Amino acid sequence: MRGFADDVKPDLDFQHFNRQLYGQFVTYLRNEKGLGDNTIEKIVFAGLKRFLNEATDAGINLFPAYKEVTPKKVGVQKTKGDKIYLTRSELKQMYEYPLPSHLSSVRDAFVVAVLLGLRYGDWHKVCNENLIDLGDGKKALSIVLDKNPQPRIVVPCHPAVMEILKKYNGVLPVISNQKTNQYLKEIGLAVGMTGQTSKTVRKGRIIETKHSKFELLTCHVSRNCFESEARRAQIPQRDIDLFTGHSTNAVSDIYDRRQLVTIANDYRDHRFFNTWDE
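Residues numbered from 1 in each chain as written. Predicted model: local features only at pLDDT ≥ 70, side-chain atom pairs only at ≥ 80, totals over all residues. Heavy atoms only, no water.

Honestly, the nonpolar core in this entry has me stumped. Any pointers?
Nonpolar side chains tend toward joint burial in soluble globular proteins. With 61 residues, the main nonpolar core has F110 and L116 as its most contacted residues. Ranked by residue count, the leading element in this core is helix α5 (residues 101–116), at ten residues. If sequence neighbours within four positions are ignored, L116 has contacts with V126, L141, V155, P156, C157, V161, F226 and F243. (Core = buried A, V, L, I, M, F, W, Y, C linked by side-chain atoms within 4.5 Å. Buried < 20%, exposed > 50% of the residue type's maximum accessible area, 1.4 Å probe, protein only. Helix = DSSP H or I, 4+ residues; strand = E, 2+ residues; numbered from the N terminus. Contact = heavy atoms within 4.5 Å.)

Help me understand helix α7 (residues 177–191) in this model?
Owing to its 3.6 residues per turn, the α-helix aligns residues three or four sequence positions apart on the same side. Look at α7: 21 Å from first C-alpha to last across 15 residues, which is about the 21 Å you get at 1.5 Å a residue. Considered for burial, the residues of α7 that qualify are T180, N181, Y183, L184, I187, G188 and V191. Among the structural elements, α4 (88–96) and α5 are those in contact with the buried residues of α7. (Expected span 1.5 Å × (residues − 1).)

Is there a simple way to explain the packing of aromatic side chains in this structure?
Counted according to the given criterion, the structure contains eleven aromatic pairs. With 5.8 Å between their ring centres and 35° between their planes, Y95 and W276 make a pair best called tilted. Placement of the pair is Y95 in helix α4 and W276 in the segment after α10 (257–266), with a sequence separation of 181 residues. You can call Y95 buried: its relative accessible area is 17%. Assessed through its relative accessible area of 18%, W276 is described here as buried. (Phe/Tyr/Trp six-rings, centres within 6.5 Å; stacked < 30°, edge-to-face > 60°.)

Mind showing me how you'd approach the pattern of salt bridges here?
Between side chains of opposite charge, a pair can form as their charged atoms come close. Under the definition given, this model contains twelve salt bridges. When the shortest N-O distance is used, the salt bridge between R268 and D136 registers 2.9 Å. A residue pair is termed long-range when its members are at least 10 positions apart, and R268 in the segment after α10 and D136 in the loop between β1 (131–135) and β2 (138–144) qualify at 132 residues. For D136, a relative accessible area of 65% puts it in the exposed group. When the shortest N-O distance is used, the salt bridge between R232 and E229 registers 3.0 Å. Of the two residues, R232 and E229 both sit in helix α8 (residues 221–232), three residues apart, roughly one turn of that helix. By sharing partners, the salt bridges in this structure join D136, K138, R268 and D269 into a single network. (Salt bridge = Lys/Arg side-chain N within 4 Å of Asp/Glu carboxyl O.)

Please explain helix α3 (residues 37–57) as it appears in this structure.
In a regular helix each residue adds 1.5 Å, so 21 residues correspond to 30 Å; α3 covers 28 Å between its end C-alpha atoms and thus fits that length. Of all bends in α3, the biggest is about 30°, found at K49. For α3, the set of buried residues is D37, I40, E41, V44, F45, L48, K49, L52 and A55. Following α3 by one or two positions, G59 has its phi on the positive side, about 80°. (Bend = angle between axes of the 7 residues up to and from the residue.)

Quick question: what am I supposed to make of the packing of α5 against helix α6 (residues 159–167) here?
Relative orientation and spacing of two packed helices are given, respectively, by the angle between their axes and the distance between those axes. Two elements in contact, α5 and α6, have axes whose closest approach is 9 Å; the angle formed by their N-to-C orientations is 145°. Between α5 and α6 lies a crossing whose hand is left-handed. Only A160, V161, I164 and K167 of α6 make contact with α5, whose side of the interface consists of R107, D108, V111, V112, L115 and L116. Residue composition of the contact of α5 with α6, grouped by class: seven nonpolar, no polar and three charged. (Axes fitted to C-alpha atoms, helices over the stretch in contact; angles between N-to-C directions. Left-handed = near helix turned anticlockwise from the far one by under 90°. Nonpolar A, V, L, I, M, F, W, Y, C, P; charged D, E, K, R; others polar.)

I'm lost on the sheet that holds strand β3 (residues 152–156) in this one. Help?
To summarise the sheet geometry, strands pair through backbone hydrogen bonds and adopt either a parallel or an antiparallel arrangement. Read across the sheet, three strands follow the order β1-β2-β3 without closing on themselves; strand pairing throughout is antiparallel. Each of the sheet's edge strands pairs with one partner strand only, and the pair in question is β1 and β3. For this sheet, the mean angle separating the axes of adjacent strands, direction not counted, is 30°. In this structure, β1 lies alongside β2, joined through four bridges in antiparallel fashion. Note that in β2 the partner of G135 across the bridge is K138. (Pairing = 2+ DSSP bridges.)

Next up, the structure:
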């Protein structure tokens with residue numbers, strides 16, 4: 001918003017936040033910042049509107065015109081974007097590939113996140129302290145997720161998760177999101193993930209671009225990998241939702257912690273949580 005004000009609207013004030021200004025801001029984000037509609041929707045109709053609502057509630061903003069603006073009215077249409085994921089064989093290849101220490105620690109954290117289906121914001125919770133026993137030497141991660149509502153998940157730990165935690169004395173190494181995303185691309189290139197894949201984004205219209213797979217590696221891919229491979233392993237969607245903490249249909253709300261542990265126990269010997277098989 002500061003850049004928009006400097007470049008387009010130097011006298012920006014609360015009174016200007018109407019449909020016309022929203023349209024100008026959307027055009028600026030598309031043309032000058034190269035953002036797609038999904039990102040614009042988060043910035044403009046989540047972040048900016050939340051700020052304006054707070055200013056209004058505090059009596060600072062006395063101009064309510066912004067409340068009438070919707071994404072549709074300024075040509076913003078949220079779409080379901082393409083998602084890339086790594087197969088189990090690709091993940092195993094990444095895990096076993098020799099890398100320098102600054103990359104190997106990021107690789108290890110990413111592999112753990114894939115095997116547990118975690119958002120980046122929950123990576124730092126992977127530690128021995130948050131493991132519970134499932135019996136027969138098997139462990140599960142039991143944490144409350146950083147999202148609303150805050151569901152608890154209990155996920156069986158793949159042997160590689162335990163190997164990595166042992167390597168780092170029981171605490172997963174996590175660096176910033178930005179640096180992790182940067183290093184993941186370097187890791188993907190080093191491992192040889194250079195095959196071409198397409199990515200579509202809406203910027204007022206659908207635009208398709210071609211990329212090498214490593215260029216699209218980010219922290220968020222970890223959940224895509226877990227969910228895609230779990231479905232391939234024929235795990236029911238309801239159970240996948242419990243492991244990832246998805247609140248669709250409020251599935252997790254009907255289970256208490258003891259039941260979640262029981263479900264995790266049911267999967268402790270499942271090949272998905274024990275092998276690299278696809």
